[in-house]
Structure formats: C-alpha cells, structure tokens
Amino acid sequence: MPIQASDTPWMTFALAEAKQGIGLTSPNPAVGCVIVKDGVELARGWHHQYGTFHAERDALTKLEPGQAQGATAYVTLEPCSSHGTTGACTDVLIESGITRVVYAISDPNPAHAGNADHILRAANIDVSSGLLEEEARHLIRGFAMVQSEKRPWVIAKTAMSLDGRITRPSGESQWLTGPEAREDVQLLRAEVDAIITSGVTVRQDDPALTLRSSAISSRKKQPLRVVLTRSEIDQSTYQIFNDGHPTYLFQNISISEVLRTLANDGINTILLESGGNLMGSFLDEGLIDEFVIYYAPIITGGPTPAIGGRGVATLEERHSLKNTSLEKIGPDLRLRGIVDRNGPPPLVR
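Every residue gets a number counted from 1 within its own chain, in the order that chain's sequence is written. Restriction of local features to residues with pLDDT of at least 70 applies here, the model being predicted, together with a cutoff of 80 or more for giving and counting side-chain atom pairs; totals for whole chains, interfaces and linings are based on all residues. Derived side-chain values reflect all non-hydrogen atoms in the structure, with water molecules and hydrogen atoms excluded from consideration.

**Comments concerning the environment of Pro152**
Stated formally: For helices the rule is a DSSP run of H or I covering at least 4 residues; for strands it is a run of E covering at least 2, with both sets numbered from the N terminus onward. Here, two residues are considered to be in contact whenever any of their heavy atoms come within 4.5 Å of each other.
By the element assignment, Pro152 lies in the loop between α6 (141–149) and β6 (153–160). On a C-alpha basis, the gap between Pro152 and Leu262 in space is 7.4 Å, while along the polypeptide they are 110 residues apart. With residues up to four places along the chain from it excluded, the contact list for Pro152 reads Met145, Val146, Leu259, Leu262, Ala263, Ile267, Asn268, Thr269, Ile270 and Asp289.

Put into structure tokens, the structure is as follows:
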C-alpha cells in the first residue's frame, strides 16, 4: 500500500516518541514507534536506553497477545533485523500479527540497510518507507555520522558578545550570558554523549562541564568529558579530573584521531565547548556539523575571538548554515543551525 496522507500524523507521533530518547541511547539511535489499527492508536513506544527494548518491542509489550493482529506499525527507523541483546525487531513484528509497517528512513548502517524490507515482505507484511524522512534523519544524525564517516556528530557551542568576542578582564566570571542561557546549555549537554574542551579552557576556567539541571531526565548519564591539550596538565589541580565523573585526556593527538577513538567507544554526538583556538581548529578541519551560538547583548572589543583558526581564504569558501533557528533566551539570543555540506549559496555583491 502506498503512503497515504492519513499516515503522516501517526509518524509525527512516532517522531515525538523518539525524541524522548535523545541523548540516552548511544551507541544506538533514538527511535519511536506507534501501533495503529483501523485508525485507532493501540500503543506507543520508544528506545529508552542501550540494552533495553527497541521502540517496536517497547510498544508491543503494552498490548495483549493478538491485539496487534492486522495493525500498522509506524517506526522512525527501519526495524532492525539483527539479533542483538533484545532480539530482532523484524521477528517481533512478524510474531505480533502486524500486517503493515511504515518507517521513515533506512538503517544508515550499510550492512543492515534494506534487510527489513525483504524479511517483512517475505512474511506477507506490507512495507512503505520515506515518510517524514528528513525529520527522522535529523533525530539520528549522530548515529548516521558514525555509520558513514566513522566519527561522531559535532555540535559547537559558544557564547559571545555581539562583536564576536569572549574577551573578559582577568579574574572576572567566565560567563557572558545570563542564567537562562546557562540553563539552556544544561539541556543542550543532555542531548550529547561527550563534551570536548581544551587544556587552555581547563587551566583558565576550571570548568565542571557537568549536568546540574533538575529538568534533565534521571535516565541521562553524565556525558564523558574530553580534554585536548598540547602540554602537560596537573590533573590534581582541576575539578574535571577529580569529581568522580569520567574524563579522557588526549595530549598531542589529532582531532580526527580523537573523534575516531570516541566513535569506537560508542559516542555518537559531541558538544564542543572551548575557546576560540580549538573551536577554530575544528572549523578549519571541517569537523563542526552544527552550531549553537549564544549572543549576549554586549560589545566587548578586545583580542579574544569566540572562533579563531586560519579562517577561509575567500568568501567563496565560507561556511553556511541551514535549518537555522533564532530564539530569545532571557536577555540573550540563541542561534542554532547545521553546517551546509553542499556549500554556501552564491554571493550577491
């Protein structure tokens, strides 16, 4: 059966279920599922954490045996066909008596992509895909990046004055933005698996880089902290190494190698929180995928840019953002957008 207009709302509900798993499921992706029969919702499910039921099984366990007979399953990702810790989702869908499966995107893992179609159709289950594909792909962009590029998705977060500086007098607070923006950063940290900073930032600010908001789910584990440095750090001096939460230290290791190591350790998404030098190095190497920029309504001038590096040689090589949003957070502004890998639009002069 081809996709119908009536399918879209159900997939929207499945996407809402999947969003509950953001930041909780690595190395797995966040996935949602809704079971519907004769236009009536029977159950919803989502993948809560690695090692727990996948979304399809989570939804189906809420039903009585035989209740899903003849129903449709809306899933944000192609059902898995491999037998991991909880068994293949294709098996449980077949066993449940479901007769139609609609999923948003194929598995980004090339070893698994399309396998569910063959298995389910062989069991006389109707399969359709591609519904709300872009929205579903955004949800699992970290997982997809690891599958395609063997590195995590990198979100660069910075806070700056309106003139693009992070200049501060010596001894003053490291914060340019207000408490509302800092609370928003807590929620941003809850989305990721690891936070990267620089040795310079550790020495200057002694940051904790921990989750401290009551709005964050108790299921969320403290993200791994990762410090990149060129010179030795006395780890006994700084809280990031002594607060009981995990921290990795990489000295004189290339950014690309660090990212590959983290991907191999099950890290899908990284938040880069650092000064302008490390931020610029990531940008120069094309290793920033998304920006979250907090603008404080101040102008500082001074020598310290929020984003440094070599910069582009010409404006034709500039980095362009897509899917941008701009929101007022207390007295500050937050800009969020994804780096457009297709290149910037033509310059109009």
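**Details of the pattern of salt bridges**
Quick note on the threshold: For this analysis, a salt bridge means a side-chain nitrogen from Lys or Arg found within 4 Å of a carboxyl oxygen belonging to Asp or Glu. Classification of residues uses two cut-offs on accessible area relative to the type maximum, computed with a 1.4 Å probe and protein chains only: under 20% is buried, over 50% is exposed, and between them is partly exposed.
Going through the model one piece at a time under the given rule, you end up with 18 salt bridges. Here Arg100 makes a salt bridge to Asp7, at a shortest N to O gap of 2.9 Å. Remark: Asp7 occurs in helix α1 (residues 7–19) and Arg100 occurs in strand β4 (residues 100–105); sequence separation between them is 93 residues. As far as burial versus exposure is concerned, Arg100 and Asp7 are alike and both buried. Salt bridges sharing common partners tie together Arg141, Glu191, Glu290 and Arg336.

**Considering unusual backbone geometry**
That bond from Ser26 to Pro27 is cis: its omega, 10°, falls within 30 degrees of zero. Counting through the fold element by element, Pro27 comes out in the loop between α1 and β1 (32–37). A positive phi angle, near 60°, is found at Lys150, a position not held by glycine. Assignment of secondary structure puts Lys150 in the loop between α6 and β6. According to the relative accessible area criterion, Lys150 is exposed, its value standing at 51%. Look at Leu209: it is not a glycine, yet its phi comes out positive at around 55°. Here Leu209 lies in the loop between α8 (199–205) and β8 (224–229).

**Brief notes about the packing of helix α3 (residues 89–96) against helix α4 (residues 115–122)**
Spelled out, the test is: Only the stretch in contact is used when a helix axis is fitted, and all axes are lines through C-alpha atoms; the angle between N-to-C directions ranges over 0 to 180 degrees. Small angles under 35 degrees read as roughly parallel and large ones over 145 as roughly antiparallel, with 65 to 115 read as roughly perpendicular and the rest as oblique. Here a crossing is called left-handed whenever its near helix is offset anticlockwise from the far helix by less than a right angle, and right-handed whenever the offset is clockwise. Throughout this entry, Asp, Glu, Lys and Arg are counted as charged residues, while Ala, Val, Leu, Ile, Met, Phe, Trp, Tyr, Cys and Pro are counted as nonpolar. The remaining residues, Gly among them, count as polar.
For the pair α3 and α4, interaxial distance at closest approach is 10 Å and the crossing angle is 20°. In this view, α3 runs roughly parallel relative to α4, as classed from their interaxial angle. Two packed elements cross with a definite hand, and for α3 against α4 that hand is right-handed. Side by side, α3 and α4 meet where Thr90, Leu93 and Ile94 of the first sit next to Ala116, Ile119 and Leu120 of the second. Partitioned by chemical class, the residues of the contact of α3 with α4 number five nonpolar, one polar and no charged.

**Overview of the side chain of Lys220**
Keep this limit in mind: Charge convention: Lys and Arg are scored as positive, Asp and Glu as negative, and His as well as the terminal groups of each chain are ignored.
Here Lys220 lies in the loop between α8 and β8. No salt bridge is formed by the buried Lys220; its nearest oppositely charged neighbour, Asp193, is found at 4.4 Å. Those residues within four positions of Lys220 in sequence are excluded, and the remaining contacts are Gly23, Leu24, Arg189, Ala190, Val192, Asp193 and Leu211.

**A short note on the nonpolar core**
Quick note on the threshold: Residue types Ala, Val, Leu, Ile, Met, Phe, Trp, Tyr and Cys, when buried and joined through side-chain atoms within 4.5 Å, form a set referred to as a nonpolar core.
Met11, Ile35, Leu60, Ala73, Ile98 and Val101 are the most contacted members of the largest nonpolar core, which has 39 residues in total. Among the elements of the structure, α1, β1, α2 (55–60), β3 (72–77), α3, β4, α4 and α5 (133–139) are those that each provide at least two residues to this core. Ala194, Phe250, Ile255 and Leu283 belong to the second largest nonpolar core, which has 29 residues in total.

**Observations regarding helix α9 (residues 255–264)**
To be explicit about the condition: Note: the arc covers the axis-to-C-beta directions of the helix.
If you check which residues of α9 are buried, you get Ile255, Val258, Leu259, Leu262 and Ala263. For α9, the arc enclosing every buried residue in end-on projection is 135°, short of the 170-degree limit, so these residues lie on one face.

**Focus on the environment of Val339**
For Val339, the location among the structural elements is in strand β13 (residues 332–339). It is 26 Å that separates the C-alpha atoms of Val339 and Gly32, two residues lying 307 residues apart in sequence. With residues near it in sequence (within four places) discarded, Val339 still touches Ile288, Asp289, Glu290, Phe291, Ser320, Leu321 and Lys322.

**A closer look at the state of the cysteines**
To be explicit about the condition: The disulfide definition used here is simple: a pair of cysteine sulfur atoms within 2.5 Å.
In total, this model carries zero disulfides according to the counting rule given. Between Cys80, a cysteine without a disulfide, and Cys89, which holds the nearest cysteine sulfur, the sulfur-to-sulfur distance is 3.5 Å. Cys80 gets classed as buried once you look at its relative accessible area, which sits at 15%.

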